[in-house]
Amino acid sequence: MLLDGPSPMDIWLEAGFVQPLSRPALEMAVAALERRHPLLTARVEEQDGRRCWVGRSGRIPLVFLEEEDPWPRRPLDPMRGLGAVVYVRDRTLY
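Source: prediction; values computed, not measured. Numbers given for residues are sequential positions, taken from 1 along each chain in its written order. At least 70 in pLDDT is required for a residue's local features to be given in this predicted model, at least 80 for side-chain atom pairs to be given and counted, and no such filter applies to totals for whole chains, interfaces and linings, which use all residues. Based on all heavy atoms of the structure, the side-chain values leave hydrogens and waters out of the count.

Undergrad: It is not clear to me how the pattern of salt bridges should be interpreted in this structure. Could you clarify?
TA: Side chains bearing opposite charge may pair, as long as their charged atoms lie close to each other. Salt bridge, as applied in this entry: a Lys or Arg side-chain nitrogen positioned within 4 Å of an Asp or Glu carboxyl oxygen. Under the criterion given, the structure shown has two salt bridges. Between Arg-23 and Glu-27 there is a salt bridge whose closest N-O contact spans 3.2 Å. You can see Arg-23 and its partner Glu-27 sitting in helix α1 (residues 23-36), four residues apart, about one turn around the helix. The closest approach of N and O atoms between Arg-59 and Glu-34, which form a salt bridge, is 2.9 Å. On the criterion of sequence distance, the pair formed by Arg-59 in the loop between β2 (50-54) and β3 (62-64) and Glu-34 in helix α1 is long-range, its members being 25 residues apart. Here a strand is any run of E in DSSP of at least two residues, a helix any run of H or I of at least four, and the numbering for each starts at the N terminus.

Undergrad: How should I be thinking about the pairing of β2 in this particular structure?
TA: For a regular strand, side-chain orientation follows a simple rule: the groups alternate between the two sheet faces. Pairing of strand β1 (residues 43-47) with β2, which is carried by five bridges, proceeds in the antiparallel orientation. Within β2, the residue paired with Glu-46 across the bridge is Arg-51. The pairing criterion is simple: DSSP has to find at least two bridges between the two strands. The antiparallel pairing of β1 with β2 creates a hairpin that spans two residues between the two strands, and Asp-48 there sits at a positive phi of about 55°.

Undergrad: Can you walk me through the confidence of the model for the chain in this structure?
TA: Detailed reading of the predicted coordinates is not advisable wherever pLDDT falls low. What pLDDT reports is the predictor's confidence in each residue, on a scale of 0 through 100. Confidence in the prediction of the chain, expressed as mean pLDDT, is 77, and 83% of residues score 70 or more. Element-level mean pLDDT values for the chain span from 82 in β3 up to 90 in α1.

Undergrad: Is there a simple way to think about the nonpolar core in this case?
TA: What tends to happen in soluble globular proteins is that the nonpolar side chains get buried as a cluster. In this description, a nonpolar core means a group of buried Ala, Val, Leu, Ile, Met, Phe, Trp, Tyr and Cys residues linked to one another through side-chain atoms lying within 4.5 Å. Only protein chains enter the area calculation, which uses a 1.4 Å probe; residues under 20% of their type maximum are buried, those over 50% are exposed, and those in between are partly exposed. Counting seven residues, the largest nonpolar core consists of Leu-21, Leu-26, Val-30, Ile-60, Ala-84, Val-86 and Val-88. Contributions of two or more residues to this core are made by α1 and β4 (86-88).

Set out below in structure tokens:
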């Protein structure tokens, strides 16, 4: 997978909800995701000339976008940051 480039598995999901989004519930869901999929909180480092995953480098960032902000359509680079970022845009978030 690391030979394919910096981020061969970007996944984008856009979801709508009937009720207002709860920030604490979202934070709990992301924490559960981190526990189930530890590589999402890892980064890639070069050691002895080879790339390898280094675990638990931080928490998955939650980035809250304003209505006028564009969706960041750039690929993730686990050599520079974590394997996941959660972008949120919701006017009803409390």
